[in-house]
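Examining the three-dimensional arrangement
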Amino acid sequence: MTDTGEGTAGGGRRTYVLVVEDDDALLMLVRYNLEKMGYEVGVAEDGHQALARVAERRPDLMILDWMLPGLSGLDVCRRLREQEATRALPILMLTARAGEADNIRGLDVGADDYVVKPVSIEALQARIRALLRRAPPLEQVLRFGDVTMDTVAHRAERNGRALALGPTEYRILEFFLRNPRQVFSREDLLQRVWERGVHVELRTVDVHIRRLRLILNGPGEGDIVRTVRAAGYALDDPRP
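Residues numbered from 1 in each chain as written. Predicted model: local features only at pLDDT ≥ 70, side-chain atom pairs only at ≥ 80, totals over all residues. Heavy atoms only, no water.

Moving on to the sheet that holds strand β7 (residues 147-150). Sheet architecture is open: four strands sit in the order β6-β7-β8-β9, paired in antiparallel fashion. Here the strands that pair on one side only, and so sit at the sheet edges, are β6 (141-144) and β9 (161-162). Where β6 meets β7, four bridges bridge the pair, whose relative direction is antiparallel. The residue of β7 that forms the bridge with Leu142 is Met149. Set on the sheet, helix α6 (residues 167-178) makes contact with β6, β7 and β8 (155-158); between it and β7 the angle comes to about 110°. (Pairing = 2+ DSSP bridges. Helix = DSSP H or I, 4+ residues; strand = E, 2+ residues; numbered from the N terminus. Contact = heavy atoms within 4.5 Å. Axes fitted to C-alpha atoms, helices over the stretch in contact; angles between N-to-C directions.)

The next point concerns helix α5 (residues 121-134). Compared with the 20 Å implied by 1.5 Å per residue over 14 residues, the 20 Å span of α5 between its first and last C-alpha is a close match. Residues of α5 that are buried include every one of Ile121, Leu124, Ile128, Leu131 and Leu132, and no others. Axial view of α5: buried residues confined to an arc of 95°, hence all on one face. In α5, those exposed residues whose orientation departs by more than 90 degrees from the buried face are Glu122, Arg133 and Arg134. Looking at the buried residues of α5, the elements they touch are α1 (24-36), β3 (61-65), β4 (91-95) and β5 (113-116). (Expected span 1.5 Å × (residues − 1). Buried < 20%, exposed > 50% of the residue type's maximum accessible area, 1.4 Å probe, protein only. Arc of directions from axis to C-beta.)

Another aspect to go through is the confidence of the model for the protein chain. Caution is warranted with low-pLDDT regions, since their predicted coordinates should not be read in detail. Summarising the model, the protein chain shows a mean pLDDT of 85, and 86% of its residues fall at 70 or more. Averaged over each element, pLDDT in the protein chain is lowest for helix α4 (residues 100-109) (63) and highest for β3 (95). (pLDDT = per-residue confidence, 0-100.)

Quick look at the nonpolar core now. Proteins that are soluble and globular tend to have nonpolar side chains buried together. Grouped together as the largest cluster of nonpolar side chains are 28 residues, with contacts concentrated most on Leu173, Phe176, Leu177, Leu189, Ile209, Leu212 and Leu216. Mapped onto this core, the elements with two or more residues apiece are β6, β7, α6, α7 (186-193), α8 (202-216), β10 (223-228) and β11 (232-239). Among the elements that line this core, the one with the most residues is α6, at six residues. Residues contacting Leu212, with those up to four places away along its chain left out, are Leu165, Glu169, Ile172, Leu173, Phe176 and Val225. Counting 21 residues, the second largest nonpolar core, distinct from the first, contains Met62, Trp66, Leu74 and Leu80. (Core = buried A, V, L, I, M, F, W, Y, C linked by side-chain atoms within 4.5 Å.)

On to the packing of helix α2 (residues 47-56) against α7. Two numbers describe how α2 lies on α7: the axes approach to 6 Å, and their chain directions differ by 85°. Taken together, the axes of α2 and α7 are roughly perpendicular relative to one another. On α7, the residues touching His48, Ala52, Ala55 and Glu56 of α2 are Gln191, Arg192 and Val193. For the contact of α2 with α7, the residue count by class is three nonpolar, two polar and two charged. (Parallel < 35°, antiparallel > 145°, perpendicular 65-115°, else oblique. Nonpolar A, V, L, I, M, F, W, Y, C, P; charged D, E, K, R; others polar.)

Structure, rendered in C-alpha cells:
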C-alpha cells in the first residue's frame with residue numbers, strides 16, 4: 001500500500017489498520033492515537049476474532065500483540081502467512097519480550113517488525129509509516145473469470161451484470177475471490193466470514209451459499225461455486 005499522507009492510502013481513502021490487543025487500556029490508547037493521525041482503525045481482542053476480522057475485510061496493516069488469549073499472536077501470524085490473500089499483509093508485532101531470541105522468533109514466523117512494550121506512540125507511528133511505504137499495494141479490484149468485485153466502491157458484477165448481494169453474501173464472495181480454488185469447510189467459513197461470538201448453525205452457511213449461487217448464476221452462466229462432498233465449498237472454474 002503506497003502511503004500518500006498520514007493515514008491516507010491510494011485513491012484518497014483512509015488507511016485501514018487492525019489493532020489486535022487484549023489489554024483494554026493499551027488498545028484504547030493505540031486506537032485513539034491512530035485515529036488522531038487519520039487512520040481508520042478496527043480492533044480485535046483475541047486471535048480468533050483477529051482472523052475473523054481479516055476475513056471480513058483485509059486491513060492495510062495489522063498491529064498484533066504477541067500474548068493473546070486462546071490463539072497467540074505468533075499463531076495468528078503463522079496462519080495469515082499460510083494464506084495467499086494475507087501472505088504480504090504488513091504485520092507489526094507488539095511484545096513485552098525484550099530478548100533478542102524472542103524477537104527473532106517473531107520475525108521468523110512472519111512479522112515484519114516489532115515494538116517492545118511499553119509502547120512509544122512516536123516509535124509506533126514511525127514503524128507504521130515505514131511498513132506502509134514498502135508494502136505491496138492491496139488489490140482493490142478482485143477478479144475471477146467473468147466476476148469482478150470493486151472492494152472500494154463495494155460493487156460486484158458478473159459479465160457486466162450488477163450483483164445485488166446481501167452483506168453476508170458479499171463477504172463470502174470477497175473471501176472466495178481472495179482465495180480462489182481453495183476448499184473451505186463450513187467451519188472455516190463461519191470462522192472467517194461471520195463475527196466471532198455470534199451463534200450461527202452450520203446449515204446457515206449452506207443457506208447463504210445457495211443465495212450466493214442464485215445471485216451469481218444468470219441464464220447461460222456456469223456455476224462457479226463448487227460443492228466438495230464432505231469437505232466444503234470453493235470458488236472454481238464454471239460448470240454448466
